Amino acid sequence: MSIRSAINRLPVDRFLLMMIATIALAAFLPARGQVAEAFDWVVFGAIALLFFLYGARISPQAVWAGLLHWRLQGLVFLSTFLLFPLIGLVAAPIADAVLPAELAFGILFVTLLPSTVQSSIAFTSIAGGNVPAALTSASVSNLLGVLVTPALVLLLAHAQGGGFSFDAITKIAVQILVPFALGQLFRPLIGGWLGRHKKLTQVVDRGSILLVVYAAFSEGMVAGVWSQLEFGDLATVVAFDIVILAIVLAFTTAAARIFGFSKPDEIAIVFCGSKKSMATGIPMAGILFPGHALALIVLPLMLFHQIQLFACATLAQRYSRQTAAVPETTAAEAMNKEQEAVGLKV
């Protein structure tokens, strides 16, 4: 039996295996120095390409429908900026009793952050969810998070902020909104071609997530964050992160079903309402918490980021089996199904 056949027979999502391999690569061969700087540009380009393709595939009517879906957007917002912080307020004192103060504070900081953008949308697409609504939710969450997160830190953690930075807004504009707008502009020219080459969108969807995973673990390895901890502390932080994520996943799933949302809307709510952005959180932490404690403060966020990727990869595969007739649905196929459900075409 070939290696490929053996892997295909494993009762594990192949995408999860790819992420494990990516983490192992980052552990043994992390990007350093000029290589890391060059890799940052690769990640930037991959994410920009991802949103260019989304723009080329999504009709303007679908985008407006996502923006006007106020019930869905409101539920995601409440999960991100109300439910999460309330959980953090309960978890932080418990963590402070068993962990160093910086790690306990880091657990609270995780709960105050906005949602992710690229992975929320990519997982929603892979799972066959409402991609326009997810795009709107994740982008608005990050835009609001630039102001809401520092305010929550000051209010709930009594931290001394160092002022506001608008770099995050610039990154969202340059890396997400501009490519998406260009995709919309070129949609009449390439939309049909993308529909006939669905494999390309699948590669970009999943490839962008793998690049983010590698970059995140490389940064942690190079910074030497892991050498500052005992194994018991690390395991405790992982346990807190898992419990927090599990509570929010359960809440968003139950709330979506109680309020009668469709399956595509439920998928968008679950993936957008349960995520926390490391890409936004680490730069914010550098501004709000300058000093030697920064590495430990962001460690719970780095671990939460990896845990949510694994959990959402599993959920995306499970949702994909529920929303498609085949065992594994590509991102492009999932997008087509969602658009067909609302009477739109790619």
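Residues numbered from 1 in each chain as written. Predicted model: local features only at pLDDT ≥ 70, side-chain atom pairs only at ≥ 80, totals over all residues. Heavy atoms only, no water.

Student: Quick question: what am I supposed to make of the confidence of the model for the protein chain here?
Tutor: Detailed reading of the predicted coordinates is not advisable wherever pLDDT is low. Confidence along the protein chain averages 77 in pLDDT terms, with 75% of residues attaining 70 or more. Looking at the elements of the protein chain, mean pLDDT is at its lowest for helix 15 (residues 331-341), recorded as 39, and at its highest for helix 11 (residues 231-258), recorded as 95. Long-range and interchain partners of residues 1-12, a stretch whose pLDDT sits below 50, account for seven contacts in this model, where long-range means more than four residues apart. Contacts of residues 159-165 to residues separated by more than four positions or lying in other chains number 15 contacts, the stretch itself having pLDDT below 50. (pLDDT = per-residue confidence, 0-100. Helix = DSSP H or I, 4+ residues; strand = E, 2+ residues; numbered from the N terminus. Contact = heavy atoms within 4.5 Å.)

Student: In this structure, what is going on with the packing of helix 5 (residues 70-98) against helix 11? I would like to understand it.
Tutor: When two helices pack together, their arrangement is given by the angle between the helix axes and by the axis-to-axis distance. Orientation of helix 5 relative to helix 11, taken along the N-to-C sense of each, is 150 degrees, at an axis distance of 11 Å. With respect to each other, helix 5 and helix 11 are oriented roughly antiparallel. Note that helix 5 runs across helix 11; the crossing there is right-handed. When helix 5 is examined against helix 11, the residues Leu75, Ser79, Leu83, Phe84, Ile87, Ala91, Ile94, Ala95 and Val98 are found in contact with a partner set consisting of Asp233, Thr236, Phe240, Ile244, Ile247, Val248, Phe251, Thr252, Ala255 and Ala256. Tallied by class, residues from the contact of helix 5 with helix 11 come to 15 nonpolar, three polar and one charged. (Axes fitted to C-alpha atoms, helices over the stretch in contact; angles between N-to-C directions. Parallel < 35°, antiparallel > 145°, perpendicular 65-115°, else oblique. Left-handed = near helix turned anticlockwise from the far one by under 90°. Nonpolar A, V, L, I, M, F, W, Y, C, P; charged D, E, K, R; others polar.)

Student: Is there a simple way to think about a nonpolar patch on the surface in this case?
Tutor: A contiguous nonpolar patch, built from Phe77, Leu78, Leu82, Leu86, Leu89, Val140 and Leu144 and spanning about 570 Å² of accessible area, is present on the exposed surface. When residues of the nonpolar patch are traced back to their parent elements, those giving at least two are helix 5 and helix 8 (131-157). Tallying contributions element by element places helix 5 first for the nonpolar patch, with five residues. Classification of leucine 82 as partly exposed rests on a relative accessible area of 44%. (Patch = residues over 30% accessible without salt bridge, like charges linked within 9 Å, V, L, I, M, F, W, Y side chains within 5 Å. Areas by Shrake-Rupley, 256 points an atom, 1.4 Å probe, with all protein chains shown as cover. Salt bridge = Lys/Arg side-chain N within 4 Å of Asp/Glu carboxyl O. Buried < 20%, exposed > 50% of the residue type's maximum accessible area, 1.4 Å probe, protein only.)

Student: Even after reading the chapter, I still don't get the nonpolar core, so can you show me in this structure?
Tutor: The tendency in soluble globular proteins is for nonpolar side chains to be buried side by side. Counting residues in hydrophobic clusters, the biggest one holds 90 residues, and the most contacted among them are Phe51, Tyr54, Phe109, Ile121, Phe123 and Phe271. Counting residues per element, this core draws most heavily on helix 14 (residues 294-323), which supplies 15 residues. (Core = buried A, V, L, I, M, F, W, Y, C linked by side-chain atoms within 4.5 Å.)

Student: Looking at this model, I keep getting lost on helix 6 (residues 101-111). Mind explaining?
Tutor: Three- or four-residue spacings in an α-helix give side chains the same orientation, since the helix completes a turn every 3.6 residues. Across the 11 residues that make up helix 6, a large majority, eight, are buried. Here helix 6 has its buried residues at Leu103, Ala104, Gly106, Ile107, Leu108, Phe109, Val110 and Thr111.

Student: Can you walk me through the environment of threonine 124 in this structure?
Tutor: Assignment of secondary structure puts threonine 124 in helix 7 (residues 118-127). On a C-alpha basis, the gap between threonine 124 and cysteine 272 in space is 8.3 Å, while along the polypeptide they are 148 residues apart. Each residue touching threonine 124, except ones within four places of it in the same chain, is listed here: Gly129, Asn130, Val131, Ala134, Ile267, Ala268 and Phe271.

Student: Can you help me understand the packing of aromatic side chains in this one?
Tutor: In this description, a pair of aromatic rings is defined by centroid distance and the angle of the planes. Evaluation of the coordinates by the stated rule reveals five aromatic pairs. Centroid distance phenylalanine 77 to phenylalanine 81: 5.2 Å. Interplanar angle 55 degrees. Geometry classified as tilted. Pair noted here: phenylalanine 77 and phenylalanine 81 are both in helix 5, with a separation of four residues, about one helical turn. With a relative accessible area of 8%, phenylalanine 81 lands in the buried category. By way of ring pairs, the aromatic residues Phe123, Phe271 and Tyr319 are connected into one cluster. Here the basic side chain of arginine 71 rests over the ring of phenylalanine 261, its NZ or CZ set 4.5 Å away from the ring centre. The ring of phenylalanine 81 has lysine 276 lying over it, and the distance from NZ or CZ to the ring centre is 5.9 Å. (Phe/Tyr/Trp six-rings, centres within 6.5 Å; stacked < 30°, edge-to-face > 60°. Lys NZ or Arg CZ within 6 Å of the ring centre and 35° of its normal.)

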